[in-house]
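Listed here are the chains, written in short residue letters.
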Amino acid sequence: QVQLVESGGGLVQAGGSLRLSCSASGLPFSTYAMGWFRQAPGKEREFVAVINWTGGRTYYDDSVKGRFTISRDDAKNTLYLQMNSLKPEDTAVYYCAAKYGRSTYQGSYEYDYWGQGTQVTVSS
């Protein structure tokens, strides 16, 4: 079975940093695009960042561009999201997701597998 497990969430002050990890199993990791999404209370799930299956292309939502960095380590079957200069509006449950294909996908409906999410809370 396919399993994606996020970790690294927590409570940080505005301006601080966190690194999220997503450990994948049960799929050929290097042939999937891997994305991060987030969902705040009362809001729809939104795209954050994606990295294609070679790691050579990335795409970020404008709200996190310049602050967040997505990366992958295929040898460890692990996806990362380095989050710097965090803002209270970044508070959400963060989900990793996997999509088989060559491109960088931004629609949550496109993804095949999802993790359980990890809470990120940024205080003022």
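Calculation criteria
Residues numbered from 1 in each chain as written. Predicted model: local features only at pLDDT ≥ 70, side-chain atom pairs only at ≥ 80, totals over all residues. Heavy atoms only, no water. Helix = DSSP H or I, 4+ residues; strand = E, 2+ residues; numbered from the N terminus. Rg over C-alpha atoms; globule rule 2.2 N^0.38 Å. Contact = heavy atoms within 4.5 Å. Disulfide = S-S within 2.5 Å. Buried < 20%, exposed > 50% of the residue type's maximum accessible area, 1.4 Å probe, protein only. Lys, Arg positive; Asp, Glu negative; His and termini not counted. Salt bridge = Lys/Arg side-chain N within 4 Å of Asp/Glu carboxyl O. Polar contact = N/O pair within 3.5 Å; in protein donor to acceptor, adjacent residues only side chain to side chain. Core = buried A, V, L, I, M, F, W, Y, C linked by side-chain atoms within 4.5 Å. Pairing = 2+ DSSP bridges. Axes fitted to C-alpha atoms, helices over the stretch in contact; angles between N-to-C directions.

Before going further, it helps to examine the overall build of the chain. Regarding its fold elements, the chain presents zero helices and 11 strands. Element order for the chain, N to C, with α for helix and β for strand: β-β-β-β-β-β-β-β-β-β-β. For 124 residues, the compact-globule estimate of 2.2 N^0.38 gives 14 Å, and the C-alpha radius of gyration of the chain, at 13 Å, lies within 12% of that figure. Each principal axis of the C-alpha distribution contributes one length, and for the chain these read about 40 × 25 × 25 Å.

The next thing to look at is the environment of aspartate 90. With respect to the helices and strands, the residue aspartate 90 is situated in the loop between strand E8 (78–83) and strand E9 (92–100). Setting aside residues up to four positions removed in sequence, aspartate 90 forms contacts with Arg38, Arg67, Phe68, Ser85, Val120 and Val122.

Moving on, we get to the state of the cysteines. By the definition in use, this model includes one disulfide. Each disulfide pairs two cysteine sulfurs, and for cysteine 22 the partner residue is cysteine 96, the sulfurs being separated by 2.0 Å. When the S-S torsion is 50°, as for the bridge of cysteine 22 with cysteine 96, the disulfide is right-handed. Within this pair, whereas cysteine 22 is found in strand E3 (residues 18–25), its partner cysteine 96 is found in strand E9, the two being separated by 74 residues in sequence. According to the relative accessible area criterion, cysteine 22 is buried, its value standing at 0%. Overall, cysteine 96 belongs to the buried group, its relative accessible area being 0%.

Attention now moves to the side chain of glutamate 6. Within the secondary structure, glutamate 6 sits in strand E1 (residues 3–7). Of the side chains with opposite charge, arginine 45 comes closest to the buried, unpaired glutamate 6, at an N-O distance of 7.5 Å. Among the polar contacts listed, one links the side chain of glutamate 6 to the backbone nitrogen of cysteine 96, at a separation of 2.8 Å. Within the local environment of glutamate 6, its side chain forms a polar contact with the backbone nitrogen of glycine 117, the two atoms lying 2.8 Å apart. Setting aside chain neighbours within four positions, we find glutamate 6 in contact with Ser21, Cys22, Trp36, Tyr94, Tyr95, Cys96, Gly115, Gln116, Gly117 and Thr118.

As a further point, take the nonpolar core. Counting residues in hydrophobic clusters, the biggest one holds 29 residues, and the most contacted among them are Met34, Trp36, Leu79, Leu81, Met83 and Tyr94. Contributions of two or more residues to this core are made by E3, strand E4 (32–39), strand E5 (46–51), strand E7 (68–73), E8, E9 and strand E11 (118–123). Ranked by size, the runner-up nonpolar core spans seven residues in total, among them Ala33, Val50, Ala97 and Tyr105.

Pairing within the open sheet is antiparallel, and its four strands lie in the order E1-E3-E8-E7. Strands at the two margins of the open sheet, each flanked by one partner only, are E1 and E7. The sheet shows a mean angle of 15° between the axes of neighbouring strands, direction not considered. Across six bridges, the pairing between E7 and E8 is antiparallel. Each residue of the ladder has a partner; that of serine 71, found in E8, is tyrosine 80.

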